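# Tertiary structure, described
Residues per chain are reported as follows:
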Amino acid sequence: MQQQLTNRRVLLGVTGGIAAYKSAELVRRLKELGAEVRVMMTPAATEFVSPLTFQALSGNPVHSQLLDPQAEAGMGHIELARWADLILVAPASADSIARLAHGRADDLFTAVCLASDAVRAMAPAMNRLMWANPATRDNVALLADRGWAVWGPGEGDQACGEIGPGRMLEPLDIAARAAQLFETGLLAGQRLLITAGPTREALDPVRFLSNHSSGKMGFALAREAASAGARVTLISGPVHLPTPDRVTRIDVVSAAEMRDAVLDHVRDCDVFIATAAVVDYRPAQAAAHKIKKHQETLSLELVRNPDILAEVAALAEAPFSVGFAAETDDVAHYAKVKLNAKNLNMIAANRVGGVDSAFDGDDNALQVFWPGGDASISRSSKHSVARQLLELIAQRLRDRD
Ligand SMILES: Cc1cc2nc3c(=O)[nH]c(=O)nc-3n(C[C@H](O)[C@H](O)[C@H](O)COP(=O)(O)O)c2cc1C
């Protein structure tokens, strides 16, 4: 199943109708499509289904009280409103529809709906005469006019024993319609593991060996991959960058820590992109105490660090493995050698050390190689370069399937 709702945040509003029991299944359907789901309930809805059911299914606390200091200290109504990409009201009761149409904000549910500019959709469910009543018709028309998507209701047997229009659509149908509201990203549902930044290899408690990597390329890739619908885990060395939205970040310091973190997560990924500038050699021994400057000269014995990328690419069930080659000269040659030697699926080469060095700048240019092909990505912002590289990766993944 393509996870069209990966990284999408769906706030499910459950209101007081008998169809509320079907919303429990809706949570599952939305999650199957990759969505992160939070649930808010009207007080009436909690009389139909226990919040505990929704808490267990969504994996998140359920929100139902507006004037609750504890709830407000956690995720308050404005925060919840901001959090959502989609507010989906299912079932939407006649009463809730009326209150939404009149801009009420006297409970958490209506306050959140009023305070949000998220995409909004509802699946009404009520007795056929409630649905046919001109008051409900006008309220629904008003909300549709204001941009609410109105799905259903369906026709058929009703819980009240009558037959007619008013049944909530089936959860599978509602979830599919929710997915259609969003563009399917290039990497929808793919799991990406990205390393970024430098590593630090301790000489003593206060000094280390490292390099100039800023982490910007890896962070740009993580952000763009998440926007393209991927689930992204970013393993980062010490950098001064904020974590991109919807990305899980793991901080490490040394190459050994980075290797451990990668090996812990690599089995759950489809694509591994190694942008980190892992320090090649570390001191054979890190001094336990600060090294004093008694001697005129000081020799360091260095030992080679593990090659994380080669190790990943050599796994029996290796993910699609992408390396970065930072070279000062003969960039294309060394990149191709690395592609073959490490048995990679792709390598992106950039020049470092010159006037247009890739390290620390906001721009980059790449030469990309894969077995049997290559492409150039001309100089532009690291975000634009990241998008183009991800397109190449997505293409290669499609060709492989
Ligand atoms: C057993 C029962 C079933 C109900 N089913 C519905 C329903 O399917 N749709 C609806 O609009 N109202 C239904 N109601 C009425 C609502 O629960 C009532 O209007 C309530 O105020 C809705 O509050 P809310 O919109 O804040 O959740 C039902 C009431 C009862 C007692």
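Presented here is an overview of the structure given in this document.

Reading the values: rules and limits
- Residues numbered from 1 in each chain as written.
- Predicted model: local features only at pLDDT ≥ 70, side-chain atom pairs only at ≥ 80, totals over all residues.
- Helix = DSSP H or I, 4+ residues; strand = E, 2+ residues; numbered from the N terminus.
- Buried ≥ 20, exposed ≤ 12 C-beta atoms within 10 Å, placed from the backbone.
- Contact = placed C-beta atoms within 7 Å.
- Near = placed C-beta within 6 Å.
- Nonpolar A, V, L, I, M, F, W, Y, C, P; charged D, E, K, R; others polar.
- Pairing = 2+ DSSP bridges.
- Axes fitted to C-alpha atoms, helices over the stretch in contact; angles between N-to-C directions.
- Expected span 1.5 Å × (residues − 1).
- Parallel < 35°, antiparallel > 145°, perpendicular 65-115°, else oblique.
- Left-handed = near helix turned anticlockwise from the far one by under 90°.
- Core = buried A, V, L, I, M, F, W, Y, C linked by C-beta atoms within 7 Å.

Each helix and strand counted, the protein chain has 15 helices and 19 strands in total. Taking the principal axes of its C-alpha atoms as reference, the protein chain extends roughly 90 × 50 × 40 Å. Within the protein chain, buried positions represent 45% of all 401 residues. Summarising the internal contacts of the protein chain: among those between residues at least 6 apart in sequence, 69% fall at separations of at least 24.

Moving on, we come to the site of the ligand. Taken together, 15 residues lie around the ligand, and Gly-16, Gly-17, Thr-42, Ala-44 and Ser-93 are the ones closest in. With 3 residues, the single largest contributor to the shell around the ligand is helix α6 (residues 94-101). Along the lines of polarity and charge, the residues of the shell around the ligand split into 8 nonpolar, 6 polar and 1 charged.

The next point concerns the sheet that holds strand β8 (residues 191-196). The 8 strands lie next to each other as β12-β11-β8-β13-β16-β17-β18-β19, forming an open sheet whose pairing is mixed. Single-partner strands in this sheet number two, and they are β12 (247-251) and β19 (373-381). Strand-to-strand, the axes of this sheet are offset by a mean angle of 15°, without reference to chain direction. In terms of strand pairing, β8 meets strand β13 (residues 271-274) through 4 bridges, oriented parallel. Pairing of Leu-193 across the sheet is with Phe-272, part of β13.

Across the sheet, which stays open at both edges, the 5 strands sit in the order β2-β1-β3-β4-β5 with parallel pairing between neighbours. The sheet is open, and its two borders are formed by β2 (36-41) and β5 (149-150), each paired with just one other strand. When strand β1 (residues 9-14) meets strand β3 (residues 86-92), the two strands line up parallel, connected through 4 bridges. The residue of β3 that forms the bridge with Val-10 is Leu-86. Packed onto the sheet, helix α10 (residues 171-180) meets β1, β3 and β4 (119-124) and runs at close to 160° relative to β3.

Turning our eyes to something else, we now look at helix α11 (residues 216-227). Its 12 residues give α11 an end-to-end C-alpha distance of 16 Å, which sits within 8% of 16 Å, the value for a rise of 1.5 Å per residue. Most of α11 is tucked away: 12 of the 12 residues are buried. Along α11, the residues classified as buried are Lys-216, Met-217, Gly-218, Phe-219, Ala-220, Leu-221, Ala-222, Arg-223, Glu-224, Ala-225, Ala-226 and Ser-227. A positive phi of about 95° marks Gly-229, the residue just after α11.

Here we come to the packing of helix α1 (residues 20-32) against α10. At a minimum axis separation of 9 Å, α1 and α10 run at an interaxial angle of 45°. By the angle between their directions, the pair α1 and α10 is classed as oblique. The way α1 lies across α10 gives a crossing that is right-handed. Residues Lys-22, Glu-25, Leu-26, Arg-29 and Leu-30 of α1 lie in contact with α10, whose contacting residues are Pro-171, Leu-172, Ile-174, Ala-175 and Ala-178. Its residues placed into classes, the contact of α1 with α10 shows 7 nonpolar, no polar and 3 charged.

It is worth spelling out the environment of Asn-350 at this point. Structurally, Asn-350 can be placed in strand β17 (residues 346-351). With 40 residues separating them in the primary sequence, Asn-350 and Ala-310 have C-alpha atoms 19 Å apart.

Judged by nonpolar contacts, the single largest core of 59 residues is most densely connected at Leu-221, Ala-225, Val-322 and Leu-389. When residues of this core are assigned to their parent elements, the largest contribution, 7 residues, is made by α11. Dropping the residues within four chain positions of it, Leu-389 is found in contact with Leu-221, Ala-348, Leu-366, Val-368 and Ile-377. Counting 52 residues, the second-largest nonpolar core is a separate cluster that includes Leu-5, Ala-19, Ala-81 and Leu-143.

When you tally the buried positions in β4, you get 5 out of 6 residues, the bulk of the element. Two elements, β3 and β4, share 5 bridges in a ladder whose sense is parallel. Bridge pairing in β4 links Val-89 to Met-122. Of the pairings in the sheet, the one linking β4 to β5 comprises 2 bridges and is parallel in character. Following the sheet pairing, Met-122 is matched in β5 by Val-150.

Residue placement: Val-278 occurs in the loop between β13 and β14 (281-283). Judged by the 23 C-beta atoms lying within 10 Å of it, Val-278 is buried. The residues contacting Val-278, other than those within four sequence positions of it, are Thr-199, Ala-255, Met-258, Asn-305 and Ile-308.

Where α11 contacts helix α15 (residues 382-400), the two axes come as close as 8 Å, and the packing angle between them is 60°. With respect to α15, the element α11 is oriented oblique. Viewed along their axes, α11 and α15 form a crossing whose handedness is right-handed. Seen from α11, the contacting residues are Lys-216, Met-217, Ala-220, Leu-221, Glu-224 and Ala-225; seen from α15, they are Lys-382, His-383, Ala-386, Arg-387, Leu-389 and Leu-390. Partitioned by chemical class, the residues of the contact of α11 with α15 number 7 nonpolar, 1 polar and 4 charged.

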